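Structural characterization, general
Next come the chains, spelled out residue by residue.
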Amino acid sequence: MAGTCCNTARAARVEYRRRRRRSCAELRTLYAAELSSAAGGDALLAALIEDGMALLVPSDSEMAARTFSRCISVMDDYFARPEDQKRKSAAGPGPGCQVGYMINAEGGAEMFEAKCAHDPRWPWPDEAVRGAVGEARTLLCTIAMACLRALARPLGLAPHALESLLDGADPPLATCSNTTMRVWRYWHHGVGNELHCDNSLLTVAPRGTQVGLHVRRFSDGYHVQPEAHMAPGTMLVFAGDALGLLTHGRVPALVHWVSSPSRGEARISLPFFLRPRLDALLDCQGAPGLSMCQRELEAAGKEVGSVRTQWPWKASNRYYHATATDVVGSGIVSPACGISNLSCR
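No experiment lies behind these values; they were computed from the predicted model shown. Within each chain, residues carry numbers counting from 1 in the order of the written sequence. The predicted origin of the model limits local features to residues at a pLDDT of at least 70 and limits the giving and counting of side-chain atom pairs to 80 or more, whereas totals for whole chains, interfaces and linings rest on all residues. To get the side-chain values, all heavy atoms of the structure are used, and hydrogens and water are removed first.

Right, let's talk about unusual backbone geometry for a bit. For His248, which is not glycine, the phi torsion reads 55 degrees and is therefore positive. Here His248 falls in the partly exposed class, since its relative accessible area comes to 31%. Residue exposure (1.4 Å probe, protein chains only): buried if accessible area is under 20% of the type maximum, exposed if over 50%, otherwise partly exposed.

Now for the packing of helix α2 (residues 38-50) against helix α5 (residues 127-152). To get an axis, fit a line to the C-alpha atoms, keeping to the stretch in contact for a helix; angles then go from 0 to 180 degrees between the N-to-C directions. Here a strand is any run of E in DSSP of at least two residues, a helix any run of H or I of at least four, and the numbering for each starts at the N terminus. In contact at an axis separation of 8 Å, α2 and α5 are set at 95 degrees when each is read in the N-to-C sense. In terms of orientation, α2 and α5 fall into the roughly perpendicular class. Facing Gly41, Leu44, Leu45 and Leu48 of α2, the residues of α5 in contact are Cys147, Ala150 and Leu151. Classifying every residue of the contact of α2 with α5 by side-chain character gives 6 nonpolar, 1 polar and no charged. Here the word oblique covers every angle except those under 35 degrees (roughly parallel), over 145 (roughly antiparallel) and from 65 to 115 (roughly perpendicular). Here, two residues are considered to be in contact whenever any of their heavy atoms come within 4.5 Å of each other. By the convention adopted, Pro, Cys, Tyr, Trp, Phe, Met, Ile, Leu, Val and Ala count as nonpolar, Lys, Arg, Asp and Glu as charged, and the other residues, Gly among them, as polar.

On average, residues of the protein score 81 in pLDDT, and 78% of them are at 70 or above. pLDDT is defined as a per-residue confidence score from the predictor, taking values between 0 and 100. Confidence scores differ between elements of the protein, with strand β17 (residues 333-334) showing the lowest mean pLDDT of 30 and strand β7 (residues 202-206) the highest of 98. Confidence drops under a pLDDT of 50 for residues 20-24, and excluding neighbours within four residues, the segment shows 11 contacts in the predicted structure. Scored below 50 in pLDDT, residues 321-345 makes 70 contacts in the model with residues more than four places away or belonging to other chains.

Moving on, we get to α5. Between the first and last C-alpha of α5 there are 37 Å, a value that for 26 residues agrees with the 38 Å anticipated at 1.5 Å per step. Nitrogen and oxygen atoms within 3.5 Å of one another constitute a polar contact, given that in protein one can donate a hydrogen and the other can accept it, and given that sequence-neighbouring residues count only through two side-chain atoms. Where α5 begins, the capping side chain belongs to Asp126, and its oxygen is found 3.1 Å from the backbone nitrogen of Ala128. Here the expected length of a helix is defined as 1.5 Å per residue gap, with one fewer gap than residues.

Right, let's get into the nonpolar core. Side-chain atoms within 4.5 Å link the members of a nonpolar core, which is a set of buried Ala, Val, Leu, Ile, Met, Phe, Trp, Tyr and Cys residues. Grouped together as the largest cluster of nonpolar side chains are 71 residues, with contacts concentrated most on Leu44, Met75, Phe112, Met181 and Leu243. A per-element tally of this core places α5 first, with 13 residues. Among the nonpolar cores identified, the runner-up in size contains 16 residues, and Met53, Val215, Val224 and Leu254 belong to it.

Turning next to the pattern of salt bridges. Within this document, salt bridges are pairs made up of a side-chain nitrogen of Lys or Arg and a carboxyl oxygen of Asp or Glu, the two lying within 4 Å of each other. Tallied over the full model, the rule gives 15 salt bridges. Here Arg81 and Asp126 are joined by a salt bridge, their closest N and O atoms 2.4 Å apart. Placement of Arg81 in the loop between α3 (61-79) and α4 (83-86) and of Asp126 in the loop between β4 (109-115) and α5 is noted, with a sequence separation of 45 residues between them. Here Arg277 and Asp279 are joined by a salt bridge, their closest N and O atoms 2.8 Å apart. Look at the salt bridges and you will find they share partners, linking Glu83, Lys86, Arg87, Glu110 and Arg185 into a network.

Structurally, Thr247 can be placed in the loop between α6 (241-246) and β11 (256-258). Classification of Thr247 as buried rests on a relative accessible area of 6%. Excluding residues within four positions of it along the chain, Thr247 makes contact with Leu155 and Gln285.

What follows is about the packing of α3 against α5. Two elements in contact, α3 and α5, have axes whose closest approach is 9 Å; the angle formed by their N-to-C orientations is 145 degrees. Once α3 is placed against α5, the crossing between them reads as left-handed. Within the contact between the two elements, α3 uses Ala64, Thr67, Phe68, Arg70, Cys71, Val74, Met75 and Tyr78 and α5 uses Ala128, Val129, Gly131, Ala132, Val133, Glu135, Ala136, Leu139 and Leu140. Split into classes, the residues belonging to the contact of α3 with α5 amount to 13 nonpolar, 2 polar and 2 charged. In a left-handed crossing the near helix is turned counterclockwise from the far helix by less than a right angle, and in a right-handed crossing that turn is clockwise.

So, about the packing of aromatic side chains. Between rings of Phe, Tyr and Trp, where Trp is taken as its six-membered ring, a pair exists when centres lie within 6.5 Å; planes separated by under 30 degrees are stacked, by over 60 edge-to-face, and by other angles tilted. Following the criterion strictly, the structure yields 6 aromatic pairs and no others. Ring geometry for Tyr78 against Tyr101: centres 6.2 Å apart, planes inclined by 75 degrees, an arrangement best described as edge-to-face. With Tyr78 in helix α3 and Tyr101 in strand β3 (residues 100-104), this residue pair connects regions lying 23 residues apart in the sequence. The exposure classification of Tyr78 matches that of Tyr101, with both residues buried. A ring pair is formed by Phe112 and Trp124, whose centres lie 6.0 Å apart and whose planes are at 40 degrees; its orientation type is tilted. Of this pair, Phe112 sits in strand β4 while Trp124 sits in the loop between β4 and α5, and the two are 12 residues apart along the sequence. A relative accessible area of 13% places Trp124 in the buried class. In this structure an aromatic cluster arises from ring pairing among Tyr78, Phe79, Tyr101, Phe112 and Trp124.

As structure tokens, then:
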């Protein structure tokens, strides 16, 4: 009996590796220069619908790689500072609410968040951090906006329909934009985070310093690690629940999670979240009863079993599998993720 179980587990690991290699090899590659064309918009939409993600190559990938590398280096030095120094730029109810340093010691992670617009009274740690984070954030925002504009036509929307949902360039004093870039540092032996869908329209994520991003492929439900096959300077683009709601699930939010390094150096990543402003109405196409503002969507994602996990399209096999087991990166067989245990944030 024990031998049979071992053989089954070994076969599952082999099958997982085979599928992961095949899935990553099939990751669609798009070029930023093509996004302004109708064909580029069609290709991006097809990738998000069929694969859940697309690998984007910027016009100058070497410049992008240098930008991300500099940001990672500066932030690695920042995270090495004493806790009391980092907390001087922590988030809180004062100026620059929701901007700055946060730590989740139990989860084995810390994070520096920099909104695209914020109260100027909020203190940046220093000019090196401000320059490096600002440069990377600007690049990621440019890419995210190009993707958003490219999607409007194939989705049958007016050219600026999606852009009108975003924060303006100058939000009121003492507030900040909802669109943001985060610098995450996961140290080894942490717990990472759980399966979830982002609350963004689009998320743009360069490759982390350690492979740790796991995504659920729409085609077969297997968890794959696209970062293992990403070149420096390239970015992964995928949809969040805000775009999923706007399109009534036509553009589904990608299910993903992050694992902490099992050994060696910490993982640093630079995800960018293009979000609607908090008071923007997300008018669900074909189902006005599901419409809600972005603030309601984000609040709904706080608890398991929320409305975000019960939308009709989340009953599809992109989010739920009836199979008893699913194989994850470590080779361990674990329960498949269903709607009841899918987290949103």
